[in-house]
Amino acid sequence: MIKFENVCKSYKSSRNKALNDLSVEILKGEFVFLVGPSGSGKTTFLRLMLREERTDSGRIWVGGRELGAMSSWKVPYYRRNIGCVFQDFRLLPNKTVRQNVAFALEVIGRSRHVIDTKVSQALEIVGLGNKGNRLPNELSGGEQQRVAIARAFVNRPLILLADEPTGNLDPATSQGIMRILDKINRTETTIIMATHDVGIVNTMRRRVIQLDRGSLVRDQQRGIYGLEESDTIEERLTGAVKAVTLNSDEDELLKGRKRRRQTAELSHKSLIAGFDEDLEETE
Amino acid sequence: MSFSANRVLRDTFFNLWRNIQYALAAILTVIVSLSLVGAALLVKQGVANATVEWSHGVGVSLWMNADASNSEVNGISTQLKQSTLIQSCSYLDHNASYDLLKKLYSNQPVVVSAFTINTTPTIFNCVLSNPNNAIEVYNQYSHQPGVYTVVYPGQEIKTMEKITSILQIIMLGMALLMVIASLVLIFVTIRMAIFSRRREVAVMKLVGATNWFIRVPFMLEGMIEGLIGAVIASLLVFGLRNIMGNLVRNTEKLGSSAQPSLLSATVATSHEAIIIGIILIISGAVVGGIGSFVAVRRFLDV
């Protein structure tokens, strides 16, 4: 699905390489955490995948296409296969929730009819079906991020990129966001999420790709944020955050993962049903 | 398709409205610059018309002394008839030229009262067989006995051509400066429009809107600013032509057709004014299009 091959990337303003000879492969339907300190190259990784940047050397394949060889007029069409979520939501403040989500389909020329149905579905998935007419500034941070997820997912992309989607949110709200991302992942959507959130990474136990100064330092299935059995402050902190905020959600997430394994691909209906279930479980 | 055309138009006019101060400045500059271009074209066309008129057989007038004897007048008349330079002549006797005088100076009775029928010079109005020979006619006849003076319009036309060509260069030079100013202003306006919609543009790029889809509303905005300015400018130019036309017509009514009117030829026809208007409208759209295209290329690239 996604393959980085000896990718190097540096920026004019900095002498250090943002990515240094990075090779990694991500399969369809995987959920990958991209971790590492600030400046380790996580955002560059995502920007390269969006082809907002081009590699200095090395090659990137996404869905069988080599991004370096892609002519620039094809880039917009390529991006329609990729959804994006950011720490700062990036909603349009003068549009309602519905209009924000619909905008993503309008600008790629979908018909009014298709837009209406798809937007409603997307809002149901993120649990905002009843808040379509609100403006973004009337919503909480978590709700705004859910609108952003709906916008990223409304066109059913193959890949969802998330750059610290929980960076501005409190731990409990972050859990809600993670549930939605998990649900989207269950529809065979590949998710790559850059994050600093130790608790989330340690709870979800998904593949972890750790970068440091542009190099791959760890690629671990069912990994945690820091190295296991280490005795760093980070590790202790991890434990503390986990204990305080996430205990109640852990079982439920485990259940969710089992369900995912059973059904390779869920239809849209069962997706919404899955969400309702989740809501009931939490209540 | 109609859905997206709707969107494009809505976006365009919404942008225009949001940017109204800049848009107005741009439109006003386009009006001034294109009006100058239009006026220069009008004058140019007028001079071209006058030149054509002239080469189609322009008159030479021989003014006799008021007290010229009959034999002097007859002598000149015979010479004129025999001359190969002259095609034909008409003679205004004392009565006819006095009538003409009264008409020309109807609003200045003092002038009229200074003349009587017998002190008014008589005039030969002649059509040349070759308009380029006006000077020869002048040299041949102006010193003949009984001739007061020979008036031919060639000199005037040449002087007028010189003046108008200088005028045209000045007008076109100013127009060029103003066109550059319009280009810059449209460029700045579109840049502001792009800046004020940068969030939307960023989202559009992210979700895979094509470059043209993002660009078209901005380019259209620039073109519409150019077009609005151009339409107003061409209306102004059309109005200018009508004012000139009316002025000339009023003067002509006074002067009858004794002397082929140079003025009437200098006014472009309304047909020509329409063509000039179309040229202006096209250039307005082009100026707007170029200004906004450059802005879009510089500030909207992926």
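Everything quoted here is computed from the prediction, not taken from an experiment. (Residues numbered from 1 in each chain as written. Chains lettered and ligands numbered in written order. Predicted model: local features only at pLDDT ≥ 70, side-chain atom pairs only at ≥ 80, totals over all residues. Heavy atoms only, no water.)

A.B. asks: I'd like a rundown of the side chain of Asn155 of chain A, residues and numbers included.
C.D. replies: Residue and element names in this part refer to chain A. On the secondary structure map, Asn155 appears in the loop between helix H5 (141-153) and strand E7 (159-163). At 3.3 Å, the side chain of Asn155 and the backbone oxygen of Arg80 are in polar contact. Those residues in contact with Asn155 that lie beyond four places of it in its chain are Arg80, Leu105, Ile108, Arg110 and Lys118. (Helix = DSSP H or I, 4+ residues; strand = E, 2+ residues; numbered from the N terminus. Polar contact = N/O pair within 3.5 Å; in protein donor to acceptor, adjacent residues only side chain to side chain. Contact = heavy atoms within 4.5 Å.)

A.B. asks: Any details on helix H3 (residues 70-82) of chain B? Residues and values, ideally.
C.D. replies: Residues and elements named next belong to chain B. In a regular helix each residue adds 1.5 Å, so 13 residues correspond to 18 Å; H3 covers 18 Å between its end C-alpha atoms and thus fits that length. Among all positions in H3, only Val73, Ile76, Ser77 and Leu80 are buried. Along the long axis of H3, the arc covered by the buried residues comes to 100 degrees, so they all point the same way. In H3, the exposed positions that point more than 90 degrees away from the buried face belong to Ser71 and Gln82. Tucked into the core, H3 has its buried residues touching strand E1 (59-64), strand E2 (86-92), strand E3 (123-128), helix H6 (134-141) and strand E4 (147-151). (Expected span 1.5 Å × (residues − 1). Buried < 20%, exposed > 50% of the residue type's maximum accessible area, 1.4 Å probe, protein only. Arc of directions from axis to C-beta.)

A.B. asks: Let's hear about the sheet that holds E4 of chain B: which residues, and what values?
C.D. replies: Residues and elements named next belong to chain B. Spatially, E2-E3-E1-E4 is the arrangement adopted by the four strands of the open sheet, whose pairing is antiparallel. Each end of this open sheet is capped by a strand with a single partner; those strands are E2 and E4. The mean inter-strand angle of the sheet, taken between neighbouring strand axes irrespective of direction, is 20 degrees. Across four bridges, the pairing between E1 and E4 is antiparallel. (Pairing = 2+ DSSP bridges. Axes fitted to C-alpha atoms, helices over the stretch in contact; angles between N-to-C directions.)

A.B. asks: Lay out the interface of chain A and chain B with the relevant residues and their values.
C.D. replies: The interface is formed by 23 residues belonging to chain A together with 14 residues belonging to chain B. In this assembly, chain A packs against chain B so that about 1,700 Å² is buried in total across both faces, 67% of it on carbon and sulfur atoms. For the interface between chain A and chain B, the tally reads zero salt bridges. Counting residues per element, the ones that place at least two in the side of chain A that touches chain B are helix H2 (75-79), strand E6 (82-86), helix H3 (97-106) and helix H4 (112-125) of chain A. Its residues assigned to classes, the side of chain A that touches chain B shows 14 nonpolar, no polar and nine charged. (Buried area = accessible area lost by both parts, 1.4 Å probe. Salt bridge = Lys/Arg side-chain N within 4 Å of Asp/Glu carboxyl O. Nonpolar A, V, L, I, M, F, W, Y, C, P; charged D, E, K, R; others polar.)

A.B. asks: Describe the sheet that holds strand E5 (residues 65-66) of chain A, naming the residues involved and giving the relevant values.
C.D. replies: Residues and elements named next belong to chain A. Pairing is antiparallel in the open sheet, where four strands are placed in the order E2-E1-E4-E5. Bordering the open sheet on either side are strand E2 (17-26) and E5, each of which pairs with just one other strand. Bridge analysis of strand E1 (residues 2-10) against E2 gives six bridges, and the strand direction is antiparallel. Among the inter-strand pairings, Lys3 is bridged to a residue of E2, identified as Glu25.

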